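Working through the structure, step by step
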Amino acid sequence: MKADKTTLDRRSFLKAALLAGGGLMLQFYWPGGNAVAAEKDHTAPATLNSYIKIHPDGRVTLFNPNPEFGQNVKTSLPMILAEELDISWDSVQVEQADFFPERFERQFTGGSQSIRRAWPILRTAGATARQMLIIAAAQRWAVPADEISTSTGSLYHKKSNRKLSYGEVASAAALIPVPKNVPLKAVADFKIIGSSKRNVEIDNIVTGKPLFTSDFKKEGMLIAMIVHPASFGREITGIDDKAVRQMPGIKDVFIMEPVLKGYKKNGFDVFSYQQVAVIVGNSTWEVMQAKKKLILQLSSPTGNAQNGKPDFLESTARHYADMEQASTQPAQVKRRDGDPESAFKNAARIIERTYTAPFLVHNTMEPVSCFADVGADYAELYVPIQTPEFITRTLSARLGLPKEKIKINLARMGGGFGLRAYGHHVVEAAVISQKIQAPVKLMYTREDEATYGIYRPSYSATYRAALDENNQLIGFHIKAGGIPESPLHENRFPAGAIDNYLAETWSIPSAITVGAFRAPGSNFIACAEQSFLDELAFEMKKDALDFRLELLMRAKEKPVGQRNDYDADRYAGLIQLLKDKAANLARPAGTGRGTAAYFCHNTYAAALVDIGVKNNEPYVTQALAVMDCGIVVNKDAAINMAEGALIDGIGNALYGEQLFKDGVPLRSNFNTYRMIRMHEAPAKIEVYFVENQDNPTGMGEPLFPPTFGAVANALFDHTGKRYYRQPFVKQSGEKS
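Attention here is on the structure that accompanies the text. Predicted, not measured: the structure shown is a model, and the values here were computed from it. (Residues numbered from 1 in each chain as written. Predicted model: local features only at pLDDT ≥ 70, side-chain atom pairs only at ≥ 80, totals over all residues. Heavy atoms only, no water.)

Attention shifts here to the overall build of the chain. The number of helices and strands found in the chain is 18 helices and 28 strands. Counting the 736 residues in the chain, one finds 61% classified as buried. Taking contacts inside the chain between residues at least 6 apart in sequence as the whole, the part at least 24 apart equals 77%. If you sum the accessible surface of the chain, you get close to 29,300 Å²; carbon and sulfur atoms cover 49% of it. (Helix = DSSP H or I, 4+ residues; strand = E, 2+ residues; numbered from the N terminus. Buried < 20%, exposed > 50% of the residue type's maximum accessible area, 1.4 Å probe, protein only. Contact = heavy atoms within 4.5 Å. Areas by Shrake-Rupley, 256 points an atom, 1.4 Å probe, with all protein chains shown as cover.)

Take a look at the structure:
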């Protein structure tokens, strides 16, 4: 079968070197910021930053550059290398690459981009190393290279019945010029990609070996915790620390500025407060007790016209009132197709619905923490973070140290969901260590994390549909916004499928900080869109999935506009597969069924849930997922991520909510902020993938958004009532 050709044919992407003691090391370029300069200036070679090491004894070490927080990139990325290298997975050792800020300008995990971005790079690197080994064997045997085949780490010349291991020619291969335009394997020949491989960290995880920052210890290390204002919109003006300083084990108490005035923020810099109080002591328990005694002196609300923040303390009731008012005011037009105003003016019937959602807390299983040891001319940190390259810049500016003096050791993250893209705690830990001149581990309590901010924003979206006298859809209007940002994606479905289409956006400023939350923006707008499409289909007396397929057929055959960001054919194929799988899935008695589909992060995802009622609360009895994410690299890992997205989506749709009164977050731990429990997870989950040979896309985030919509539609199917405000359990009148 014809093999693919690599698109990375510049010599600067790959470089061979001889390992100390013999063997081959192939350095290759990992995509990122340094690439931009190299691509523009072809005289400047890209920095080579990743490695394949083939040892003389046949061992193969593959380096995983991306931080790991449960999505299994530490296994899946090396699988791509191993496939093209044509080695046995059993012979592979995987190591977490250290963070090198001058090399890895995008040593980043997030946005469901790890596999997608790595696919061509890793395939090229693996195939190139394999070709160099073939050339080395051909030279040793004095035969043409095209007569040599490979399998599971060995080279074969079948005509002479000879065999060599990779290790036997690795040193010779290291001296061979790196070849260009190396052919890649045909998809049909994959042996590792598409299979299921055990997580390379599983033994460490299940045996409780230290992996996380929470586990980290160092001689002389002190424990630090912060105390921030209880209210968003207020700042610390002073502290009363007399009682704290007299408590056992307490070393210091002070006010700290995470960043200095005039600092220009880098990407993913979010600091909820200009100042925080710090308590440093010998042990976690002693510092936790001291926190209870520290008295903060706070300012009045700090908002003003200059910083764009409100000059009042915010409350949930006002948030919803302000969003309701904003949805009726003129907004910014992001897309207009046809003449939507005339379509609505001439409509025989208009259907209008508004959907809202609250702020959400990430609630990672491991609260944020960081170890820091900062001296006069160095800084060493052990930290779980998705964005080490960004936080290095921030640290350099705050500590007054050049980036090359800052070493970041990447810890495994105890959950991410977007929160660990932010490094406020990393800066805090480093500044504390610098001030007290000792190594320190900064620990957030669950309450610290839940009340600090960087939440999923609160959102609202109003949908309108214009129907003619024949009950046909002639106009579509969405006006979406939020606090403090909008979730609108104006070029996504059903844009492109309707002649008269209008998309508008608005936002309301807030002192409450927000950040990325699994599938940012999409996690709300998908629910609103898919709920409205279901209701619209119901009013038009059409099957909900057939209605979507009709729209997608229109988008395929006669698309409206040029900016549609989805492939109508792939989208329709996903929904058709969902229909087929749903038809074969028996619905438990006494349940309602809901479906939803959405495109984001380059992936098409659909969810089905069956909902019943137990003890006066809705619960999902079973769930099904269908995804088109291109080639699936590690099947078990992909299924695990799909199952996790379904459960996470169900839990947030039913229960997730942060409330505020006078700027104070009211839910600070699991006794008040409800998460889905183990016994509330679906007893049965089925996951299916559209089979194709398209390059891999995202997996961690795309299924999360449509799950919300599937839950809402199942609730209607079961109760006959539409659900417009999340969380749905609270709206239904049940306890939350």
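Now that the structure has been shown, we can carry on.
This part is about the sheet that holds strand β15 (residues 349-357). Within the open sheet, the five strands sit side by side as β14-β22-β21-β20-β15. Their pairing is mixed. Across the chains shown, the open sheet's two edge strands, defined by having one partner strand only, are β14 (332-337) and β15. Between one strand axis and the next, the sheet turns through 10 degrees on average, direction left out of account. In this sheet, strand β20 (residues 458-467) lies alongside β15 in antiparallel orientation, the contact comprising nine bridges. The residue bridging T356 from the neighbouring strand is S460, located in β20. Of the strands in this sheet, β15, β20 and β21 (473-483) are in contact with helix α13 (residues 522-539), which crosses β20 at around 25 degrees. (Pairing = 2+ DSSP bridges. Axes fitted to C-alpha atoms, helices over the stretch in contact; angles between N-to-C directions.)

Another aspect to go through is the sheet that holds strand β8 (residues 162-165). Pairing within the open sheet is antiparallel, and its three strands lie in the order β6-β7-β8. Looking at strand neighbours, the two that pair on one side only are β6 (148-151) and β8, the edges of this open sheet. Recorded for the sheet is a direction-independent mean angle of 25 degrees between the axes of neighbouring strands. As paired strands, strand β7 (residues 154-157) and β8 are joined by four bridges and run antiparallel to one another. Residue Y156 lies in a different strand from β8, and its bridge partner there is K163. With respect to the sheet, helix α4 (residues 166-173) is in contact with β6, β7 and β8, its orientation differing from that of β8 by roughly 70 degrees.

For K441, the location among the structural elements is in strand β19 (residues 440-443). In this structure K441 touches T213, S214, D215, F216, M221, L222, I223, A224, C370 and F371, once residues within four positions along its chain are discounted.

Inspection of every chain in the model, using the stated rule, returns 29 aromatic pairs. Measuring from ring centre to ring centre gives 6.1 Å for F476 and Y501, while their planes differ by 5 degrees; the resulting arrangement is stacked. Taken together, the residues span a long stretch of sequence, with F476 in strand β21 and Y501 in strand β22 (residues 501-507) at a distance of 25 residues. Ring pairs connect the aromatic residues F232, Y273, F359, Y444, Y452, Y455 and F660, which therefore count as one cluster. The ring of F254 carries the charged tip of K435 above its face, separated from the ring centre by 4.9 Å. A cation over an aromatic ring shows up here: K581 above the ring of Y688, its NZ or CZ 4.3 Å from the ring centre. (Phe/Tyr/Trp six-rings, centres within 6.5 Å; stacked < 30°, edge-to-face > 60°. Lys NZ or Arg CZ within 6 Å of the ring centre and 35° of its normal.)

Now for unusual backbone geometry. Here I483 and P484 are connected by a cis peptide whose omega angle stands at 5 degrees. Within the secondary structure, P484 sits in the loop between β21 and β22. The omega torsion across F493 and P494 is 10 degrees, close enough to zero to call that bond cis. One non-glycine residue, T152, adopts positive backbone phi at about 45 degrees. When you line up the elements, T152 lands in the loop between β6 and β7. Residue classification places T152 among the partly exposed positions, given a relative accessible area of 47%. At D662, a residue that is not glycine, the phi angle is positive and equals roughly 55 degrees. Within the secondary structure layout, D662 lies in the loop between β26 (660-661) and β27 (664-665). With a relative accessible area of 42%, D662 lands in the partly exposed category.

A few words on the nonpolar core. With 98 residues, the main nonpolar core has L381 and L395 as its most contacted residues. By residue number, the principal contributor to this core is helix α16 (residues 635-655), which donates ten residues. Other than its neighbours up to four places away in sequence, L381 contacts C370, F371, A372, L395, I406, K407, I408, N409, V426 and A430. Counting residues in hydrophobic clusters, the runner-up holds 54 residues, among them F532, L552, Y566 and L585. (Core = buried A, V, L, I, M, F, W, Y, C linked by side-chain atoms within 4.5 Å.)

So, on to the side chain of R446. Note on placement: R446 falls in helix α12 (residues 446-452). By relative accessible area, R446 is classed as buried at 11%. Among the polar contacts listed, one links the side chain of R446 to the backbone oxygen of T364, at a separation of 2.6 Å. Within the local environment of R446, its side chain forms a polar contact with the backbone oxygen of M365, the two atoms lying 3.1 Å apart. (Polar contact = N/O pair within 3.5 Å; in protein donor to acceptor, adjacent residues only side chain to side chain.)

Position of E257 among the secondary structure elements: in the loop between β11 (250-256) and β12 (276-281). For E257 and A277, which are 20 residues apart along the polypeptide, the C-alpha to C-alpha distance reads 8.9 Å. Residues within four places of E257 in sequence aside, it is in contact with Q274, Q275 and R398.

Quick look at the side chain of T603 now. Assignment of secondary structure puts T603 in strand β24 (residues 603-614). Assessed through its relative accessible area of 0%, T603 is described here as buried. Polar side-chain contacts of T603 include one of 2.6 Å to the side chain of T697. Sequence-distant contacts of T603, that is, excluding residues within four places in its chain, are made with Y598, M627, D628, C629, T697, G698 and P702.

So, about helix α8 (residues 316-326). Turning to α8, its buried residues are T316, H319, Y320, M323 and A326. Down the axis of α8, the sector holding all buried residues measures 125 degrees, keeping them to one side. Exposed side of α8, more than 90 degrees from the buried face: A317, E324 and Q325 are the residues found there. Close packing links the buried residues of α8 with β15, β20, β21, β22 and β26. (Arc of directions from axis to C-beta.)

A word on the pattern of salt bridges. Summed over all chains, the structure comprises 34 salt bridges. Across the pair E539 and R349 runs a salt bridge, and its minimum N-O distance is 2.4 Å. Taken together, the residues span a long stretch of sequence, with E539 in helix α13 and R349 in strand β15 at a distance of 190 residues. R349 sits in the partly exposed class, given a relative accessible area of 35%. Between R570 and D628 there is a salt bridge, and its shortest N-O distance comes to 2.6 Å. Taken together, the residues R570 in helix α15 (residues 568-583) and D628 in strand β25 (residues 617-628) connect sequence positions 58 residues apart. The class for R570 is partly exposed, based on a relative accessible area of 21%. Overlapping salt bridges bring together E83, D86 and K185 as one network. (Salt bridge = Lys/Arg side-chain N within 4 Å of Asp/Glu carboxyl O.)

By themselves these figures say nothing about function.
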